[in-house]
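A structural walkthrough
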Amino acid sequence: MKYMLSNDRGLSVEFLDIGGCIKAIASPDRNGQIANVVLGFATEEEYHRDHPYFGALVGRFSGRIARAQFELEGVRYQLSANNGRNHIAGGLRGFDKQLWRVEMLSESAARLSYSSPDGEEGFPGRLDVTVTYSVTADNVLRLDYEAVTDAATVLNLTNHSYFNLGGEGSGSVEGHILTVDASEVIEVDSELIPTGRLLNVVGSPLDFCQPFAIGARIRSGHPLTKFAKGYDCSFVLNGGPELRHVARAYDPLSGRILDVETTEPSMAFYSGNFLDGSLVGASGRQYRQGDAFTLEPRRLPDSPNQPTFPTTVLRPGEKYQATTIYRFSTDSGR
């Protein structure tokens with residue numbers, strides 16, 4: 001089922017109960033022209049098929065878990081291996097493929113909830129999750145995550161929206177200008193599994209501390225861009241755990257600006273490297289490599305297997321909480 005949130009300043013968000021998928025975000029450009037700025041399909045039925053997590057809520061664990069297994073409190077858990085021999089984004093039937101219960105709180109806010117049973121995709125414990133989507137008067141889409149469990153488990157939630165500030169189906173985002181408040185990135189191997197090391201990005205093709213076009217250094221030959229055929233990296237964000245500004249994307253052609261704030265310690269930046277033209281979006285146009293980017297605040301990938309990374313363990317009596325804000329504006333000040 002489809003739902004709509006909106007304000008009176010031109011920002012509207014369309015989402016589905018399947019996967020909590022954000023189907024469209026309509027936002028004005030510098031001339032006040034409204035366009036959808038996220039990739040997605042024309043029909044709801046297409047979201048029930050396999051797709052690259054367009055707009056989906058991802059869990060139980062966003063990012064990869066090496067060898068699809070981890071040990072917790074002396075017990076080794078085997079997860080579904082859906083990324084070669086590794087686990088990614090919650091598995092074969094992760095949160096992106098589940099029907100979420102939707103409670104409309106107002107014209108501008110909705111609460112989504114899902115109960116994940118013990119053993120789902122190999123994860124221990126029953127997990128009760130709520131995610132609140134809200135659209136505010138200052139053109140913000142706010143995502144508030146909460147979860148509780150009845151047994152020790154690991155958890156890492158995010159939303160996997162693919163942005164194109166020029167408009168869905170408008171082509172490459174390589175001309176978009178990106179800034180990320182992070183001086184370190186997680187080193188990965190050829191399977192994109194963290195090695196446990198953090199790399200200083202300053203002066204490298206992964207350095208977005210100052211504004212750079214996404215495409216300016218994407219073919220630089222840096223090991224991390226070679227492995228991923230573009231950007232598919234997890235930045236370790238500066239500051240925290242308070243809600244703070246961590247990134248800005250700017251499209252010089254439309255004038256649209258996307259600012260990201262979060263309480264999370266890390267953010268995945270993906271440049272749509274594996275879009276290959278096989279999927280047709282809501283505009284009727286094919287999605288090709290580099291036609292979108294994601295900015296996904298979350299916990300660090302493979303944390304259950306990385307003792308030096310902050311823990312992602314959630315135990316009974318504790319509450320998982322996280323907030324991410326996507327703020328839309330233009331260079332005209334609209």
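Throughout what follows, the structure given in this document is the object of discussion. Here the structure is a predicted model, which means the values were calculated and not measured.

**Overview of the sheet that holds strand 2 (residues 12-16)**
- Taken together, four strands build an open sheet; the order of strands is 1-2-3-4 and the sheet is antiparallel. Only two strands of the sheet have a single neighbouring strand rather than two, namely strand 1 (2-6) and strand 4 (34-36). Looking at each pair of strands side by side, their axes are set apart by 15 degrees on average, direction ignored.
- Relative to strand 3 (residues 22-28), strand 2 runs antiparallel, the two sharing four bridges. Across the sheet, V13 pairs through a bridge with I25, a residue of strand 3.

**A few points about unusual backbone geometry**
- Between G59 and the following residue, R60, the backbone shows a cis peptide bond with an omega angle of 10 degrees.
- Within the fold, R60 resides in the loop between strand 5 (56-58) and strand 6 (64-65).
- The omega angle of the peptide bond from G240 to P241 is 5 degrees, so this bond is cis rather than trans.
- Structurally, P241 can be placed in the loop between strand 20 (232-236) and strand 21 (244-250).
- Positive phi values are uncommon outside glycine, yet E121 reaches one of about 60 degrees.

**Some points on the pairing of strand 22 (residues 256-262)**
- Along strand 22, seven of the seven residues are buried, which leaves the element largely enclosed by surrounding structure.
- Neither face of strand 22 is left uncovered, since the one carrying R256, L258, V260 and T262 and the one carrying I257, D259 and E261 both have all their residues buried.
- Here strand 21 runs beside strand 22; their pairing, made up of six bridges, is antiparallel. Following the sheet pairing, A249 is matched in strand 22 by L258.
- From the end of strand 21 to the start of strand 22, which pair antiparallel, there are five residues, and G255 there has a positive phi angle of about 85 degrees.
- The pairing of strand 22 with strand 28 (residues 320-330) spans seven bridges and is antiparallel. Residue pairing across strands places E261 opposite I325, the latter belonging to strand 28.

Scoring rules and cut-offs
Residues numbered from 1 in each chain as written. Predicted model: local features only at pLDDT ≥ 70, side-chain atom pairs only at ≥ 80, totals over all residues. Heavy atoms only, no water. Pairing = 2+ DSSP bridges. Helix = DSSP H or I, 4+ residues; strand = E, 2+ residues; numbered from the N terminus. Axes fitted to C-alpha atoms, helices over the stretch in contact; angles between N-to-C directions. Buried < 20%, exposed > 50% of the residue type's maximum accessible area, 1.4 Å probe, protein only.

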